[in-house]
Amino acid sequence: MTFDFDLFVIGGGSGGVRAARIAAGEHGARVALAEESRMGGTCVIRGCVPKKLMIFASQAGLMAEEMRGYGWEGAQAGRFDWPVFKHKLDSELNRLELIYTANLQKSGVQIFHQRATIVDAHTVALADGTRKTAKHILIAVGGRPALPGIPGEELGLISDDLFLLDRLPRRVLVVGGGYIACEFATILTGLGCETVQVYRGDAVLRGFDRQMRDMATLQLSGIGIDLRLNVNLTRLERTGDQTRVTFSDDSHEDFDAVIWATGRDPYTGGLGLENTGVHLRANGAIQVDEWSQTSVPSIFAVGDVTDRVNLTPVAIREGHAFADTVFGGRARRVAHSNIASAVYLRPHEAASVGLTEEQACARGDVDVYATTFRPMRSMFAGSDAKVMMKLLVEPETDVVLGCHIFGPDAGEMIQLAAIPITMGATKADFDATMAVHPTAAEELVTMRQPSRRHRLEIPAQAATA
Ligand code: NDP
């Protein structure tokens, strides 16, 4: 049977674009890609990229405060002009979108700027009614914000909406305690919005190392966010131009805007998967094997729609490995362990790779090398903000199982720490590495004694050395 294409990719985000470019540009496959929205997907258009630029924009107040501590009398952040920033942001996103499109075209990928759904194992239908056949179909449609299912939830905004606002809300409520909630609460308070964040648990960033979660929770309150823990919402109503929120204790308050940051769901609805026999997991994610292949041999899926590790670099790796395996004659799998990530908070970021202390303890014996200290730069300026660095070491093998950094530019540091940890470095390898002085990161190679030793059969005891 002859097909219109060797590969039809649905979704022009990080995973889909990489797979299409490698399959067509490097392996000579005939590739088409359909994208219903803007090229670049969540990361480029309504996620990582605009978010990080907003983080940069939001730190002026903290920088001014620090500069006053260095003797710059009267240093002030001034007034933030959202329309000026947004205009620049829009231009930057347009530029990136054009680059993504141009790169696909240069690789010889045929682009369809419309929605595609699946008709059968080798056929997709485009929104204009045409049908295309392909030997392989790759689903890379990502995820969509999940709402909590309470009355009036449609009155709240989702993270996508924030990049489109004409003006910033004066008083805003951010709901959730994950990556997006903590980053957006940090951004909004930094840009001058009166920010309330509510989280249903007792410390934000569930899944991260507990010590780091506690430090992040403290920092959010410390930078002026009204962070309320163990609270949820029961309903939203419109009152004039305000949104009235009822909380789980039956109290209510009015806000200019409410932002849901309550997780993301795989975007599989309406994709036509019921026509194919592709197996889904209970949460709607596409079930794939280690080759990103679904239960239908001609259909593959990468990125957030598979809900493995929902991060841009992971989707890119999965897309690349898929293209090399299927079209390049080079079988490649993606290791989903030891994946580093960072939450871009201010002033200190939270960044991790490998096991948390809690996971390491549950797994077996572990020595914890941890230090907290006030870094030179902010301490001189009069700040009490503390940095935390932690290495988790398996005593029997000396292998470093995890690294957690809470500090300025922790995201940059964890990227480098992730290399030796992925290579299986031991604590002795860290110790043999010469320090770079004076830096905060040098603590990673100068922690000589464990601060805690956990033994499976013995409760945690303080180090005696
Ligand atoms: P997360 O899963 O990180 O957080 C969701 C938050 O919403 C949790 O605090 C969760 O609480 C809470 N929540 C979920 N359902 C409800 C509910 N019904 N009522 C109240 N609270 C609820 O998702 P995000 O949306 O923050 O981020 C989505 C994904 O995007 C992340 O998994 C991450 O991989 C990626 N991302 C990565 C970033 C980075 O690398 N810097 C930045 C932004 C996003 P609980 O903890 O109790 O379950």
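Description of the structure in this document. (Residues numbered from 1 in each chain as written. Predicted model: local features only at pLDDT ≥ 70, side-chain atom pairs only at ≥ 80, totals over all residues. Heavy atoms only, no water.)

**Examining the site of the ligand**
Neighbouring residues of the ligand: 20 residues in total, closest Ile180, Tyr199, Arg206, Asn310 and Ala342. Contact between the ligand and isoleucine 180: an oxygen atom at 2.8 Å from a main-chain N or O atom of the residue. For the ligand, whose free accessible area comes to 920 Å², the fraction covered by protein is 77%. Counting residues per element, the shell around the ligand draws most heavily on helix α7 (residues 179-190), which supplies three residues. Looking at side-chain class alone, the shell around the ligand contains eight nonpolar, seven polar and five charged residues. (Near = heavy atom within 4 Å. Polar contact = N/O pair within 3.5 Å; in protein donor to acceptor, adjacent residues only side chain to side chain. Areas by Shrake-Rupley, 256 points an atom, 1.4 Å probe, with all protein chains shown as cover. Helix = DSSP H or I, 4+ residues; strand = E, 2+ residues; numbered from the N terminus. Nonpolar A, V, L, I, M, F, W, Y, C, P; charged D, E, K, R; others polar.)

**Things to note about the environment of valine 436**
Within the secondary structure, valine 436 is located in the loop between α13 (427-432) and β23 (452-454). Its relative accessible area of 56% is what places valine 436 among the exposed residues. For valine 436 and isoleucine 137, which are 299 residues apart along the polypeptide, the C-alpha to C-alpha distance reads 49 Å. (Buried < 20%, exposed > 50% of the residue type's maximum accessible area, 1.4 Å probe, protein only.)

**Considering the packing of helix α1 (residues 14-26) against helix α5 (residues 82-106)**
Remark: α1 packs on α5, axes separated minimally by 9 Å, with the N-to-C direction vectors making an angle of 25 degrees. In terms of orientation, α1 lies roughly parallel with respect to α5. Crossing handedness for the pair α1 and α5: left-handed. Here Val17, Ala20 and Arg21 of α1 lie close against α5, whose contacting residues are Tyr100, Asn103 and Leu104. Grouping the amino acids of the contact of α1 with α5 by side-chain chemistry returns four nonpolar, one polar and one charged. (Axes fitted to C-alpha atoms, helices over the stretch in contact; angles between N-to-C directions. Parallel < 35°, antiparallel > 145°, perpendicular 65-115°, else oblique. Left-handed = near helix turned anticlockwise from the far one by under 90°. Contact = heavy atoms within 4.5 Å.)

**What about empty space enclosed by the protein?**
Within the structure shown, the criterion is met by one cavity of 30 Å³ or more. In this structure, the largest cavity encloses a volume near 50 Å³. (1 Å grid on protein atoms, 1.4 Å probe; cavity = no way out; pocket = protein on both sides within 12 Å on 5 of 7 lines; lining within 4 Å. Points joined across faces, edges and corners; volume = space filled by probe spheres on them.)

**Quick notes on the side chain of threonine 189**
Positionally, threonine 189 belongs in helix α7. Given a relative accessible area of 16%, threonine 189 falls into the buried group. Look past the residues within four positions of threonine 189 in its chain and what remains in contact with it is Thr195, Ile223, Gly224 and Ile225.

**Considerations on the sheet that holds strand β10 (residues 194-199)**
Taking strand neighbours across the sheet as the criterion, the five strands line up as β8-β15-β9-β10-β11 in an open arrangement whose pairing is parallel. Taken across any chain shown, the strands that pair with only one partner, and hence form the sheet edges, are β8 (157-158) and β11 (226-229). Bridge count between β10 and β11: four bridges; the pairing is parallel. Note on β11: the bridge partner recorded for valine 196 is aspartate 226. (Pairing = 2+ DSSP bridges.)

**As for the side chain of glutamine 197**
Its location among the elements puts glutamine 197 in strand β10. Contacts of glutamine 197, omitting those with residues within four sequence positions, involve Val174, Gly176, Gly177, Ala181, Cys182, Ala185, Val204, Leu220, Ile225, Asp226, Leu227 and Arg228.

**Observations regarding the pairing of strand β4 (residues 116-120)**
Every regular strand shows the same layout, with side chains that alternate between the two sheet faces. Here four bridges tie β4 to strand β5 (residues 123-126), and the two strands are oriented antiparallel to one another. Within β5, the position partnered with aspartate 120 by the bridge is threonine 123. Taken together, β4 and the strand that follows it, β5, pair antiparallel across an intervening segment of two residues.

**A closer look at the packing of aromatic side chains**
Under the defined criterion, the tally for this structure stands at eleven aromatic pairs. Ring centres 6.0 Å apart and planes at 10 degrees place the aromatic pair phenylalanine 8 and phenylalanine 112 in the stacked group. Of this pair, phenylalanine 8 sits in strand β1 (residues 5-10) while phenylalanine 112 sits in strand β3 (residues 110-112), placing them 104 residues apart in sequence. Ring geometry for tyrosine 179 against phenylalanine 208: centres 5.6 Å apart, planes inclined by 70 degrees, an arrangement best described as edge-to-face. Within this pair, whereas tyrosine 179 is found in helix α7, its partner phenylalanine 208 is found in the loop between β10 and α8 (210-222), the two being separated by 29 residues in sequence. In this structure tyrosine 179 comes out as partly exposed when scored by relative accessible area, which is 32%. What makes phenylalanine 208 buried here is its relative accessible area of 11%. (Phe/Tyr/Trp six-rings, centres within 6.5 Å; stacked < 30°, edge-to-face > 60°.)

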